[in-house]
Structures are given as structure tokens and as C-alpha cells.
Amino acid sequence: MQELAGQVAMVTGGSRGIGLAISRALADAGARVAVIGQDATRAATAAAALPGSGHAGYACNVADPAGVQATTAQIEKDLGEIAILVNNAGITRDNLLVRLRDQDWDDVLGVNLKGAFNTIRAVAKGMMRRRAGSILNVTSVVGITGNPGQANYSAAKAGLIGLTKSVARELAPRGIRCNAIAPGYIETDMTAGLNEEQTRGIREKVALGRLGQPEDVAAVARFLVGPGAGYITGQVLVVDGGMVL
Ligand SMILES: NC(=O)c1ccc[n+]([C@@H]2O[C@H](COP(=O)([O-])OP(=O)(O)OC[C@H]3O[C@@H](n4cnc5c(N)ncnc54)[C@H](O)[C@@H]3O)[C@@H](O)[C@H]2O)c1
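The structure presented is a predicted model; accordingly, all values stated were derived computationally and were not measured.

Cut-offs and rules
- Residues numbered from 1 in each chain as written.
- Predicted model: local features only at pLDDT ≥ 70, side-chain atom pairs only at ≥ 80, totals over all residues.
- Helix = DSSP H or I, 4+ residues; strand = E, 2+ residues; numbered from the N terminus.
- Rg over C-alpha atoms; globule rule 2.2 N^0.38 Å.
- Buried ≥ 20, exposed ≤ 12 C-beta atoms within 10 Å, placed from the backbone.
- Contact = placed C-beta atoms within 7 Å.
- Near = placed C-beta within 6 Å.
- Nonpolar A, V, L, I, M, F, W, Y, C, P; charged D, E, K, R; others polar.
- Pairing = 2+ DSSP bridges.
- Right-handed = clockwise from strand over helix to strand, strands pointing away.
- Axes fitted to C-alpha atoms, helices over the stretch in contact; angles between N-to-C directions.
- Parallel < 35°, antiparallel > 145°, perpendicular 65-115°, else oblique.
- Left-handed = near helix turned anticlockwise from the far one by under 90°.
- Core = buried A, V, L, I, M, F, W, Y, C linked by C-beta atoms within 7 Å.

Description of the overall build of the protein chain
Okay, so step 1: Scanning the protein chain for helices and strands turns up 8 helices and 7 strands.
Okay, so step 2: In terms of overall size, the protein chain behaves like a compact globule, its C-alpha atoms giving a radius of gyration of 17 Å where 245 residues would be expected to give roughly 18 Å.
Okay, so step 3: Expressed as lengths along the three principal axes of its C-alpha atoms, the size of the protein chain is roughly 45 × 40 × 40 Å.
Okay, so step 4: Counting over 245 residues, the protein chain shows a buried share of 47%.
Okay, so step 5: Considering only residue pairs separated by 6 or more positions, the protein chain has 68% of its internal contacts joining residues 24 or more positions apart.

A closer look at unusual backbone geometry
Okay, so step 1: If you check the backbone angles, Arg131 has positive phi at about 55° while not being a glycine.
Okay, so step 2: Position of Arg131 relative to the elements: it lies in the loop between α4 (102-130) and β5 (133-138).
Okay, so step 3: Given 11 C-beta atoms within 10 Å, Arg131 falls into the exposed group.

Quick word on the site of the ligand
Okay, so step 1: Around the ligand, the structure places 28 residues, and the nearest of them are Gly13, Gly17, Gly90, Thr188 and Met190.
Okay, so step 2: Top element by residues in the shell around the ligand is helix α1 (residues 17-28). It accounts for 3 residues.
Okay, so step 3: Of the residues in the shell around the ligand, the class split is 13 nonpolar, 13 polar and 2 charged.

Quick word on the environment of Ala34
Okay, so step 1: If you trace the backbone, Ala34 turns up in strand β2 (residues 32-37).
Okay, so step 2: Taking the number of C-beta atoms within 10 Å as the measure of exposure, Ala34 has 31 and is therefore buried.
Okay, so step 3: Between the alpha carbons of Ala34 and Met190 there is a distance of 22 Å; along the sequence they are 156 residues apart.
Okay, so step 4: Ignoring anything within four residues of it in the chain, the contact list for Ala34 reads Val8, Met10, Ala56, Tyr58, Ile75 and Leu79.

Details of the pairing of strand β4 (residues 82-87)
Okay, so step 1: Of all 6 residues making up β4, 6 are buried, and the element is well covered by its neighbours.
Okay, so step 2: With 4 bridges connecting them, strand β1 (residues 8-12) and β4 associate as parallel partners. Considered in β4, the bridge of Met10 is made with Leu85.
Okay, so step 3: One ladder, built from 4 bridges, connects β4 with β5; its direction is parallel. Note on β5: the bridge partner recorded for Asn87 is Asn137.
Okay, so step 4: Running through α4, the crossover from β4 to the neighbouring parallel element β5 is right-handed.

Notes on the sheet that holds β4
The strands that make up a sheet pair up through hydrogen bonds in the backbone, lying either parallel or antiparallel.
Okay, so step 1: Read across the open sheet, the 7 strands follow the order β3-β2-β1-β4-β5-β6-β7; overall the sheet is parallel. Both edges of this open sheet fall to β3 (56-59) and β7 (236-239), since each of them pairs with a single strand only. Sheet twist, expressed as the mean angle between neighbouring strand axes with direction ignored, is 20°.
Okay, so step 2: Each of β2 and β3 is contacted by helix α2 (residues 40-48), which is oriented at about 165° to β3, the strand it contacts most.
Okay, so step 3: Strands β1, β4, β5 and β6 (176-183) of the sheet are contacted by α4, whose axis makes an angle of about 165° with β4.

A look at the packing of α1 against helix α8 (residues 214-225)
Okay, so step 1: Orientation of α1 relative to α8, taken along the N-to-C sense of each, is 45°, at an axis distance of 8 Å. Between α1 and α8, the angle is such that the two are oblique. The way α1 lies across α8 gives a crossing that is right-handed. Packed against α1, whose contacting residues are Gly17, Ile18, Leu20, Ala21, Ile22, Arg24, Ala25 and Leu26, the element α8 presents Pro214, Glu215, Val217, Ala218, Ala219, Ala221 and Arg222 at the interface.

Here we look at the nonpolar core
One recurring pattern in soluble globular proteins is that nonpolar side chains are buried together.
Okay, so step 1: Counting 69 residues, the largest nonpolar core has Ala9, Leu26, Val33, Ile181 and Ala221 as its most contacted members.
Okay, so step 2: The element that contributes the greatest number of residues to this core is α4, accounting for 8 residues.
Okay, so step 3: Filtering out sequence-adjacent residues up to four positions away, Leu26 remains in contact with Leu4, Ala9, Val11, Ala31, Val33, Ile84 and Arg222.

So, the pairing of β3
Okay, so step 1: In this structure, β2 lies alongside β3, joined through 4 bridges in parallel fashion. Among the inter-strand pairings, Val35 is bridged to a residue of β3, identified as Gly57.
Okay, so step 2: Since β2 and β3 lie parallel, the crossover through α2 that links them has a hand, and here it is right-handed.

Geometric values such as these leave the question of function open.
And the structure:
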């Protein structure tokens, strides 16, 4: 028995990297996945390659509240009521604090933090009416520890942890859970710019001695949105190979 059979899951940034691995894991568990990406073709291609059937791809900028409302309405029309929301879309615009431009701050906060608010607000009403739902926010270890050169990104990811806990408290009486995953360094396009020396430096800090793979995060996401985590809400689960022990 697949534990997410019959459920619709919306995964933002689901067409590559960690989001694609999460989309695959949820599809493997029986969910019908709405893959949200910035590009319609890439989202549709990713959705078509997922295991099982009933998946679809959508282009949507999560930072745009009206676009998010329209997209969630379309998903519910096409696939059915959204039972699972994974806020994975994220960007970086790294720079030292004094060199950060207003745009770098606004863009990163807009996608990583406001994007999650936009999607949660859009799906919450339906979940509340049905008295069921599971929300998962992909934050980062740097939202806990901070990181030089990532003031904007760390602030957004820390904000996402506050959002997770508030949503968990507010929606728990309606049977809705909200948790977060904080990955460490995961090998994706986002971290592809690191040079060999930087990669070695990170590996030395990771207790398990290797960088993470998207599948390491996806397995935990599958657990957290599923029935096995039915008594877990408001938590931040660090998936970093023991880097910030
Ligand atoms: N890779 C890591 O080491 C790492 C570590 C901690 C946290 N994270 C977080 O994990 C998540 C996924 O990261 P990744 O490494 O797979 O990165 P990635 O760059 O490979 O993927 C990010 C995805 O988000 C989508 N996206 C970006 N802006 C968007 C927007 N405005 N609207 C809709 N979609 C948008 C992109 O299209 C892409 O599919 C991000 O939230 C990231 O901050 C990554």
C-alpha cells in the first residue's frame, strides 16, 4: 500500500535538484504531483517523467501572489484538492553585506520567504475546510547558523522557520501539520559553482564525510508529509550529514 495514494501534492521548484527528487519520492509513494517551475516546458517534462500517473507541470512565479492563487486553483481543477504542499523553490543572490543591493535582498526574500507565504495562504483555506493537510518548507542550515555572504538568504531561511512554527500552531486545530527540512550542502545546480577547495572544506566539516544528494532530502520529505509523521508538527529536521552537530 502506497502511503500517499490518492493525494495531490504541489511541489514548488519541482523540476530539478532537490524539488525534483522530492517530486519523485512523493510520486513513488502514490501521490499525484503538481510540479511547479518557472518554465512550463521544463515543469511538464519533469512531471511526465515521474513514476505513476496523473502528474502535471505548471509555470508559476511563487513570488507573485496572484499567479500563485491562479495556479493553485488550476491544479485543484486539473488534479483535485491539494493535500500536500512542499515549498522548495529557492534562489541565492550571495554577496558580502555591504555589497548586497536592495534587489538582491528583495528577490531572495520574495522567492524563499514570501513565496512560501503565498502558497500556504492559497492552499490553507481548502485544507482547513477538509480538516487535513501537510505542509513542508525547505529551509537551510544557514537559517539556523547564519553564513557570511548570505545575509539575505539566511534571513529568508530563518524567516521560513518562524513561518513554519506559526503555521503549525495556527493550523494544528484544523488537523493540518507544517514542518521544515533544513538541508546542509546538497549537490545540485545551486551548489555547482563551488570549486574543489571549497567542496573539500565542506566535506571535512560533515561528520558523515560526504556532500548530500537530493535523494537524502527527498526521503525525509516523504516521511514528514506522510502518515508516519502524523504526530510531528512545527519541527525543523536538519538533513546535513552531521555538519552542524
Ligand atoms: N543545494 C543545497 O545545498 C541546499 C541547501 C539548503 C537548502 N537548499 C534549498 O533547497 C531548495 C532547492 O534547492 P536546489 O539546490 O535544488 O536548487 P536549484 O537551483 O537546483 O532549484 C531551485 C528550484 O526553484 C525554482 N525556482 C526558483 N525561483 C522560483 C520562482 N520564483 N518561482 C517558482 N520556482 C522557482 C527553480 O526553477 C528550481 O527548479 C531551495 O529552497 C534551497 O534554498 C538547498
